[in-house]
Amino acid sequence: MKFLDGQNSSQEMVPGTIRLYSDEGVLEGHSALVLFPTPSQDPSDPLNWRQRRKYLNLSLVILYVLAAAIAGSALYSIYLPFSESTGLTIDQLNQGAGYQYLIVGFSPLVVQPFALAFGKRLTYLLSMILAAGFTIWSAHPSGNGSWIAIRLLLGCVTAPVFSLCEVSIADVFFAHERALPMACYVLVLYVGALIAPLLGAYIFSGMGFRAVLYMAGGFLGISFIICLFLLEETNFERQPNQEAIVMADPSAIQPTISTEGNEKKQSVQNSTASQIEVTVVGKTSSRLRLGLFYPHPNARKIMWRGFIQPILMLRLPIIWWSALQYAIQQVWFNLMNALTASILGSPPYNFDTNKIGLAYISPIVFVIPTSLLFGSISDRFTMYMARRNGGISEPEHKLWLMLPLLIIVPLGLLMMGCGAEHGLSWAVYVIGMGILCMGGAFGTDISLYYIFDCYHELKPAGSEGTEGAAPYLLSILIPAMSISFAFNYAIGPWVAALGLQNWAISATGVSTFCTLTVFPMLYWGKALRKAGARTYLSILEM
């Protein structure tokens, strides 16, 4: 069995190892960049869309992420008055959030293959309209059982936020340009969850707690209407092992362009005198894909595969490592939300609801610029490492970017725990929130990049829909969200038993241990990918 780079190379590869630069295509001193995955000749192929069309679609997916994140996090700053009004305890509210994350880990086993079988666009639209209804229902819990049921349903219908959006990004962007769009996705996922408590606090002070949820549901409804008219379907069956397309650095050449019909064809002459033709599809070359229903001819098979394959992939060690990294960042984020209202609302701070909401400005300020910068750096770092490695890109290259987490996350945890324990200025706790969320966004980005780079492009013959279903991503969500669920139960007893300072120290130890596991992966990651290649391929071909 040979794993090739998908570009007719005779070089044996392991899953995730790809050639980003041609070993023979050097254009006026610049290495030639190989487009991966290889786009088809069909103008409807999302990889052939113009950049503005790609980024419009990305913006709409991000709008969906923002609306869903706000709906899931709007109550965090008003937990105390919400608890008093509904009779639910703070622990019950946290447990409800835990159940929501738990179902996010399992419901994609059905939701994700449904999106591949019948359309991502339909899945997004159904998610938004159903989430709007459940968010409004959240304003009227009749007891703990009702609260848990609401959060379970909300988690189920918003599961695409955590599993499908990453695949939508991979549908339209090449491997070397995905990091920035993926960083934008993670950024909005975090910012939506952070801005919601800020907005919720001020809406509550003027209109009451129910208005917070009504407006969050209304925003989902507005997002549904916008996406109904603009969001395009990105499912597309592309034949594997097509001939590679090699792109030069545009600044290194003078292209000649000829126009034929609605297509512009750009011819590039490389230093080996071979002629390579790159098709740039014009805006009128394909119809907008705005239908509601795009059934796959093998829909039943895709549904079955999409359910069973992620479970079988739990046999792969890389899945568990990526799940651990993804989970631990979710744990710190959920922990911050669970503790902030009670800590800042109590002596010596005695913040009212509005001030608790304002505390969330700190994470927003830290996360926005650093996430965008990180996305840009990651793309450039990938290409830099590939050039140093003879044009070959390895998923482990990005793992070097995890090393700053050894400082960032512990610093944020210690500032929050020790600052509150010793009654230091509120600024210590609030800045710690920002630093912790900045590290969380970095860690989430890297865990997603790594698992995508390892497995997303491998698509054997006869595996219709398998690649787009991203079964490896669903596999990491199952343990990751289960860990997050368990920690939501443990937060209260953990802090109560140790106190804030000792809790922060112990949490720092957990974070440091998890981050240090990057060193074994840097050394053995490729060997693990190679060892698990046969297992992974057999699962895809089932």
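Before going into details, it helps to say that this report is about the structure given with it. Bear in mind the structure is a predicted one, so any value in this text is a computation, not a measurement.

**Description of the packing of helix α5 (residues 120-137) against helix α10 (residues 209-230)**
The N-to-C vectors of α5 and α10 enclose an angle of 160°; their axes lie 8 Å apart at closest approach. Looking at the two axes, α5 sits roughly antiparallel to α10. In the crossing of α5 with α10, the sense of the turn from one axis to the other is left-handed. Across the interface between the two elements, Arg-121, Leu-125, Met-128, Ile-129, Ala-131, Ala-132, Thr-135 and Ile-136 of α5 pack against Leu-213, Tyr-214, Ala-216, Gly-217, Leu-220, Gly-221, Ser-223, Phe-224, Cys-227 and Leu-228 of α10. Class assignment of the residues belonging to the contact of α5 with α10 gives a composition of 13 nonpolar, four polar and one charged.

**With respect to unusual backbone geometry**
For the peptide bond that leads from Pro-347 to Pro-348, omega is 5°, which places it in the cis range. For Pro-348, the location among the structural elements is in the loop between α12 (317-344) and α13 (353-359).

**A short note on empty space enclosed by the protein**
Enumeration according to the criterion identifies seven cavities of 30 Å³ or more in this entry. What the largest cavity holds in volume is close to 230 Å³. Around the largest cavity, the lining comprises 16 residues; the ones closest to its centre are Ala-69, Ser-73, Tyr-101, Phe-162 and Leu-189. Counting residues per element, the ones that place at least two in the lining of the largest cavity are α1 (51-73), α3 (90-106), α7 (160-163), α9 (179-207) and α12. The greatest single-element share of the lining of the largest cavity, amounting to four residues, is contributed by α1. Among the residues forming the lining of the largest cavity, the class breakdown is 11 nonpolar, five polar and no charged. One number sums up the size of the second largest cavity: a volume of about 80 Å³. If you go around the second largest cavity, the residues you meet are Ala-175, His-176, Arg-178, Ala-179, Met-182, Asp-379, Thr-382, Lys-398, Tyr-449, Phe-452 and Asp-453. Looking at the lining of the second largest cavity element by element, the count peaks at three residues for helix α16 (residues 426-455). Residues that form the lining of the second largest cavity fall into these classes: five nonpolar, two polar and four charged.

**What to know about the nonpolar core**
Core analysis: the largest hydrophobic core is formed by 142 residues, its most contacted members being Trp-332, Tyr-472 and Trp-503. The contact partners of Trp-332, leaving out residues within four places of it in the chain, are Val-409, Leu-413, Leu-436, Trp-494, Ala-507, Val-510 and Ser-511. Listed in part, the six residues of the second largest apolar core include Leu-20, Tyr-21, Ala-175 and Ala-386.

**So, the environment of Leu-122**
Residue position: Leu-122 is located in helix α5. Accessibility expressed as a relative area gives 15% for Leu-122, which makes it buried. Those residues in contact with Leu-122 that lie beyond four places of it in its chain are Phe-114, Leu-292 and Phe-293.

**Considering the pattern of salt bridges**
One side chain can pair with another of opposite charge once the charged atoms of both are near each other. Per the stated rule, a full pass over the model turns up seven salt bridges. Two residues, Glu-177 and Lys-54, come together in a salt bridge whose shortest N-O distance is 3.8 Å. Taken together, the residues span a long stretch of sequence, with Glu-177 in the loop between α8 (165-172) and α9 and Lys-54 in helix α1 at a distance of 123 residues. Each member of the pair, Glu-177 as well as Lys-54, is classed as buried. Its salt-bridge partner being Glu-394, residue Lys-526 comes within 2.8 Å of it at the nearest N-O pair. Pair noted here: Lys-526 is in helix α19 (residues 518-540) and Glu-394 is in the loop between β8 (392-393) and α15 (405-421), with a separation of 132 residues, a long-range link. Its relative accessible area of 39% is what places Lys-526 among the partly exposed residues. One continuous salt-bridge network, built from bridges that share partners, spans Glu-394, Glu-396, Lys-526 and Arg-529.

The rules behind each value
- Residues numbered from 1 in each chain as written.
- Predicted model: local features only at pLDDT ≥ 70, side-chain atom pairs only at ≥ 80, totals over all residues.
- Heavy atoms only, no water.
- Axes fitted to C-alpha atoms, helices over the stretch in contact; angles between N-to-C directions.
- Helix = DSSP H or I, 4+ residues; strand = E, 2+ residues; numbered from the N terminus.
- Parallel < 35°, antiparallel > 145°, perpendicular 65-115°, else oblique.
- Left-handed = near helix turned anticlockwise from the far one by under 90°.
- Contact = heavy atoms within 4.5 Å.
- Nonpolar A, V, L, I, M, F, W, Y, C, P; charged D, E, K, R; others polar.
- 1 Å grid on protein atoms, 1.4 Å probe; cavity = no way out; pocket = protein on both sides within 12 Å on 5 of 7 lines; lining within 4 Å.
- Points joined across faces, edges and corners; volume = space filled by probe spheres on them.
- Core = buried A, V, L, I, M, F, W, Y, C linked by side-chain atoms within 4.5 Å.
- Buried < 20%, exposed > 50% of the residue type's maximum accessible area, 1.4 Å probe, protein only.
- Salt bridge = Lys/Arg side-chain N within 4 Å of Asp/Glu carboxyl O.

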